[in-house]
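# Examining the three-dimensional arrangement
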Amino acid sequence: MFKRLLTPGPTQVRPEILKELATPQIHHRAPEFSELYGAIQPKLQQLLYTENPVLLFTSSSTGAMEAAVTNLVAKRCLNLVNGAFSKRWHEITVGNGVPCDAYELPWNVAVKPEMVDEQLAAGAYDAVTLVFNETSTGMMNPLREIAEVVAGYPDVFLLVDAVSGMAGAKIETDAWKLDFVLAGVQKAFALPAGLAVAAVSERALARANDVPPRSYYFSLPKMHKSHLKNQTPSTPAIPHMYALDAQLDDMLAEGLEARFARHAKMAGIVQAWSKRHFDIYPENGYWSQTLTCIENTRGIDVAALIKTLADDYNVRISNGYGDIKGKTFRIAHMGDTQVDEIEGLLKVIETVLEL
Ligand SMILES: *Cc1c(COP(=O)(O)O)cnc(C)c1O
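Residues numbered from 1 in each chain as written. Predicted model: local features only at pLDDT ≥ 70, side-chain atom pairs only at ≥ 80, totals over all residues. Heavy atoms only, no water.

## A short note on the domain arrangement of the protein chain
- Along its sequence, the protein chain is organised into domain 1 (4-9 + 255-353) and domain 2 (16-253).
- Domain 1 and domain 2 are separated by 26 Å when their C-alpha centres are compared.
- With 24 residues of domain 1 at the interface, the matching set in domain 2 holds 34 residues.
- For the pairing of domain 1 and domain 2, the buried interface totals around 2,400 Å² over both sides, and the portion due to carbon and sulfur atoms is 58%.
- When residues of domain 1 are sorted by the area they lose upon contact with domain 2, Leu-256, Tyr-286 and Tyr-321 head the list and together hold 25% of the total.
- At the junction of domain 1 and domain 2, the tally comes to 2 salt bridges.
- Among the salt bridges present, the one from Lys-112 reaches Glu-283, with a minimum N-O distance of 2.7 Å.
- Counting across the interface, domain 1 meets domain 2 through 17 residue pairs in polar contact (both at pLDDT 80 or more).
- Put simply, the parts of the chain that give the side of domain 1 that touches domain 2 at least two residues each are α10 (256-277) and β12 (291-295).
- Broken down by element, the residue count for the side of domain 1 that touches domain 2 peaks at 5 residues, all from α10.
- Class assignment of the residues belonging to the side of domain 1 that touches domain 2 gives a composition of 12 nonpolar, 7 polar and 5 charged. (Domains from an automatic or database assignment. Contact = heavy atoms within 4.5 Å. Buried area = accessible area lost by both parts, 1.4 Å probe. Salt bridge = Lys/Arg side-chain N within 4 Å of Asp/Glu carboxyl O. Polar contact = N/O pair within 3.5 Å; in protein donor to acceptor, adjacent residues only side chain to side chain. Helix = DSSP H or I, 4+ residues; strand = E, 2+ residues; numbered from the N terminus. Nonpolar A, V, L, I, M, F, W, Y, C, P; charged D, E, K, R; others polar.)

So, in C-alpha cells, the structure goes:
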C-alpha cells in the first residue's frame, strides 16, 4: 500500500504529474527537446525571480552542491554549518579537494548575518556556502540578511542550497544577488527525484571559466554552453523534464504568492500545534516555512508513532535526522500538500498519542 508522503523529501507527487513521466521518448538532440528545454526556462526564472540562466542537472541536489564548490571557488570557501545538509556541503567541499573551512554552530542555532560578517572580514574567502532551509532541523536561516552582508564583500560569492525551500518560500535571486541557488525537485517542487536546478549569476559563470576544471560531468562552462542552445551536455532525464514543465505551469496557475502563502499558513498551523503539545527544535524566529522539526518533549516513542501512522493511516512523516533522531520528528508542509491534509494529520496524531 502506498503511503501519503508528508516527509521533507521526497514529497507526494500528484497523479496527473506522474502521468507526464510516461510521455513518449524524444531525442535530446532533436528540435522538440530544445522546445521543451526552452519552455521550462522562463518558468524557472519566474519562480526564482531571476534573469540568470537556470541550469538543469540530471542528478539529485547533492550533484548541484558539488557543482557549486568545484566550479565557483578560486581561493577558499567558507562552509556555514548548522545541520546535516550544511555539514554535507562542507564534506563535499573537502572531498573535492577545494580549500575550505567550516564555521560550525549548534544545530538549533541559526546563522546570523553578523557571524558571517565576522568570518569574512579577514578576506580569506571568495565563496560562502549556506543552506537556506535546513531540512534536518527545520531551520530557515535568514538568507536575505546574510546575502546583504555577503554583498558587502565584492569578491565573495554566495552559494545557496535552497533544496527544501525553493518553490515553497520566496527567493528573490537577483534582488538578493545570489550567485548560485540550487534545489532538487523532490521536495517543495513535488516532483519525483532525479533532477536538480540552479540559477547561476553572470559573474559566477565568468569565474567558472577561469577556475581550473575539477569536474567533467558538473562543468558549469560546459552546461552553460549547451544551455545557450537549449540543450544539456549529456543525456538528461527527459521524462522528469516533462513533469517539471507541467508542474511549473500548475505552480504559476496557483500563483507564486498564493503558493508561498499556502506554505506559510500550513507552517503556522503545525507550529501552533507543536508549541501546544511539544516544542519546536530550532530557536524562535527561524522556523521553516516548509517543514517543522518538533522537539520530543513528551518522550514519546517516535519510531512507533511513525510506524502506526504508516500502517494504520497510510501516511508517512519523518523521524529526526542523525544525532537528533528520536529526540525530534519532522512534519513536512510543502509542495502540493494542502491545509486540510495537514489538519487531518495533526488530528490523527492526537488520536494515536491520546493528546
Ligand atoms: C534533501 C536535501 C539535500 C540532499 O538532496 P539529494 O536530492 O538527496 O541529493 C541537500 N540539502 C538539503 C537542504 C536537503 O533538504
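## A look at the sheet that holds strand β14 (residues 318-319)
- With antiparallel pairing, the 4 strands of this open sheet are ordered in space as β11-β12-β15-β14. This sheet does not close on itself; its edge strands, each paired only once, are β11 (279-280) and β14.
- Where β14 meets strand β15 (residues 328-332), 2 bridges bridge the pair, whose relative direction is antiparallel. Note that in β15 the partner of Ser-318 across the bridge is Arg-330. (Pairing = 2+ DSSP bridges.)

## Points about the site of the ligand
- Residues in close proximity to the ligand total 14 residues, the closest being Ser-60, Thr-62, Thr-135, Asp-161 and Lys-187.
- Within the side chain of Asp-161, an N or O atom sits 2.6 Å from a nitrogen atom of the ligand.
- Note that an oxygen atom of the ligand is positioned 2.7 Å from one of the side-chain N or O atoms of Lys-187.
- Protein coverage of the free-state accessible area of the ligand, which is 380 Å², stands at 89%.
- Mapped by element, the contributors of at least two residues to the shell around the ligand are α3 (61-72) and α4 (84-95).
- Broken down by element, the shell around the ligand gets its largest block of residues, 3 residues, from α3. (Near = heavy atom within 4 Å. Areas by Shrake-Rupley, 256 points an atom, 1.4 Å probe, with all protein chains shown as cover.)

## Some points on unusual backbone geometry
- The omega torsion across Gly-9 and Pro-10 is -5°, close enough to zero to call that bond cis.
- Inspection of the secondary structure puts Pro-10 in the loop between β1 (4-5) and α1 (15-20).
- Even without being a glycine, Lys-177 presents a positive backbone phi close to 60°.
- Secondary-structure assignment places Lys-177 in the loop between β8 (157-161) and β9 (180-184).
- Notably, Asn-314 is not glycine yet its phi reads approximately 55°, a positive angle.

## Let's talk about the pairing of β15
- Across the 5 residues of β15, 5 count as buried, placing the element largely inside the fold.
- Pairing analysis gives 5 bridges linking β12 to β15, with the strands arranged antiparallel. Residue pairing for β15: Ile-294 is matched across the bridge by Phe-329. (Buried < 20%, exposed > 50% of the residue type's maximum accessible area, 1.4 Å probe, protein only.)

## Quick notes on the nonpolar core
- Ranked by internal contacts, the top residues of the largest apolar core, which has 94 residues, are Phe-57, Phe-180, Phe-189 and Leu-220.
- Sort the elements by how many residues they give to this core and helix α9 (residues 238-254) lands first, with 8 residues.
- Counting only domains with at least three residues in this core, you end up with domain 1 (4-9 + 255-353) and domain 2 (16-253).
- When near neighbours in sequence (up to four residues on either side) are disregarded, Phe-180 contacts Phe-57, Ala-64, Ala-68, Leu-72, Leu-158, Leu-159, Val-160, Ala-198, Ala-199, Val-200 and Leu-220.
- Counting residues in hydrophobic clusters, the runner-up holds 21 residues, among them Ile-300, Val-302, Ile-306 and Val-339. (Core = buried A, V, L, I, M, F, W, Y, C linked by side-chain atoms within 4.5 Å.)

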